[in-house]
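Below, each chain spelled out in residue letters.
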Amino acid sequence: MKHGIYYSYWEHEWSAKFGPYVEKVAKLGFDIIEVAAHHINTYSDAELRDIRQAARDNNIILTAGIGPTKEKNLSSPDADVRKAGKAFFEQTLTNVAKLDIRSIGGALHSYWPVDYSKPVDKVGDRARGVEGIHGIADFANNLGINLCIEVLNRFENHVLNTAAEGVAFVTDVGKPNVKVMLDTFHMNIEEDSFGDAIRTAGPLLGHFHTGENNRRVPGKGNLPWHEIGAALREINYTGAVVMEPFVKTGGTIGSDIRVWRDLTNGANEAQMDEDARNSLAFSRFVLGG
Ligand SMILES: O=C(CO)[C@H](O)[C@H](O)[C@H](O)CO
Ligand SMILES: [Mn+2]
């Protein structure tokens, strides 16, 4: 098991440059830095090469996360949007591969966060999502990349809310590099049991996000971490565990995640770093790795 952190912990925008975080997280003791792929197509090849080299020098693995926009939605009823989504993913995956990234996770099968001001078509969106992921899976596989389909809570997406729905979706896609991704924050809202959800995903679990009930770093809230760790051990999970804390207000990240209060009690960067370091020690102990 490898432990990481999403760089958005420290940032307000998905467009923030992620290069400087490689060395920072290495110093904090992490194995992985997860970066937002939303704007990776604006990076030059030279920039990507430098980041890849920094990761190699610091013994850090990169993983990617993404919440596709409505205009790049693989499950849209509009064929032109689906086409734009496929082209966007092919370009994004090509650039992601330049960073030696082997895993991209998020609502790849849909868009994020969902606009609920209009009625949603869960059945149709799911069917088109299966087809859309099926249509980019081989392209990703040829680059050595796993597509990890994130199960999100009802307020952020309607297509997949439980591990069982995630497993059924991934089984329907039927490609070896398409996996289920779970996130403890979302599980806490939707699942009857953390342990059962993890066991349901079992060998299909490809990526795991951690965060407390209020998205503080693991260890600062009320989630049942021992139960979560026991279940991960039971299914012999050896993949990435990436903490995804969101504790600061502001910017697109603050508004997409609905962070309307400072959950750090005014912590400065050094104190936030210390929280991340302590949470990493807690996570290694309680979850393994
Ligand atoms: O849990 C999430 C959103 O609540 C997601 O992992 C990411 O924040 C999203 O895909 C954007 O990268
Ligand atoms: Mn997540």
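An account of the accompanying structure is given in this report. Keep in mind the model is a prediction, meaning the values are calculated, not measured.

### Description of the coordination of the manganese ion (ligand 2)
Donor atoms from the polypeptide that bind the manganese ion (ligand 2) are E150 (OE), D183 (OD), H209 (ND1) and E244 (OE), placed at 2.1 to 2.3 Å. Taken together, the six donor atoms surrounding the manganese ion (ligand 2) define angles of 71 to 175° at the centre, an arrangement classified as octahedral. All donors to the manganese ion (ligand 2) come from one chain, and their sequence spacing reads E-x32-D-x25-H-x34-E. Of the two residues, E150 is situated in strand β5 (residues 146–150) and D183 in strand β6 (residues 178–183); the sequence distance between them amounts to 33 residues. In terms of burial, E150 and D183 fall into one category: buried.

### Let's talk about the site of ligand 1
As a matter of local geometry, ligand 1 sits amid 17 residues, with Y6, E150, E156, R215 and E244 nearest to it. Within the contact set of ligand 1, an oxygen atom lies 2.6 Å away from a side-chain nitrogen or oxygen of E156. A distance of 2.7 Å is found between an oxygen atom of ligand 1 and a side-chain nitrogen or oxygen belonging to E244. Considering ligand 1 on its own, with 330 Å² of exposed area, one finds that the protein chains cover 99% of that surface.

### Let's talk about the packing of helix α7 (residues 194–201) against helix α8 (residues 225–234)
In contact at an axis separation of 8 Å, α7 and α8 are set at 20° when each is read in the N-to-C sense. By the angle class used here, α7 and α8 are roughly parallel. When you trace α7 past α8, the crossing you get is right-handed. Contacts from F194, G195, I198 and R199 of α7 reach α8 at E227, I228, A231, L232 and E234. Its residues placed into classes, the contact of α7 with α8 shows five nonpolar, one polar and three charged.

### Notes on the pairing of strand β3 (residues 61–66)
Most of β3 is tucked away, with five of its six residues classed as buried. Alignment of strand β2 (residues 32–36) against β3, held across five bridges, turns out to be parallel. If you follow I33 over to β3, its bridge partner there is L62. A crossover connection joins β2 to the parallel β3 through helix α2 (residues 45–57); in handedness this β-α-β unit is right-handed. Note: β3 against strand β4 (residues 103–106), three bridges, orientation parallel.

The rules behind the values
- Residues numbered from 1 in each chain as written.
- Chains lettered and ligands numbered in written order.
- Predicted model: local features only at pLDDT ≥ 70, side-chain atom pairs only at ≥ 80, totals over all residues.
- Heavy atoms only, no water.
- Donors = N, O, S within 2.8 Å, 3.2 Å for Na, K, Ca; no water.
- Tetrahedral: all angles 85-135°; square planar, octahedral: opposite > 155°, others 65-115°.
- Helix = DSSP H or I, 4+ residues; strand = E, 2+ residues; numbered from the N terminus.
- Buried < 20%, exposed > 50% of the residue type's maximum accessible area, 1.4 Å probe, protein only.
- Near = heavy atom within 4 Å.
- Polar contact = N/O pair within 3.5 Å; in protein donor to acceptor, adjacent residues only side chain to side chain.
- Areas by Shrake-Rupley, 256 points an atom, 1.4 Å probe, with all protein chains shown as cover.
- Axes fitted to C-alpha atoms, helices over the stretch in contact; angles between N-to-C directions.
- Parallel < 35°, antiparallel > 145°, perpendicular 65-115°, else oblique.
- Left-handed = near helix turned anticlockwise from the far one by under 90°.
- Contact = heavy atoms within 4.5 Å.
- Nonpolar A, V, L, I, M, F, W, Y, C, P; charged D, E, K, R; others polar.
- Pairing = 2+ DSSP bridges.
- Right-handed = clockwise from strand over helix to strand, strands pointing away.

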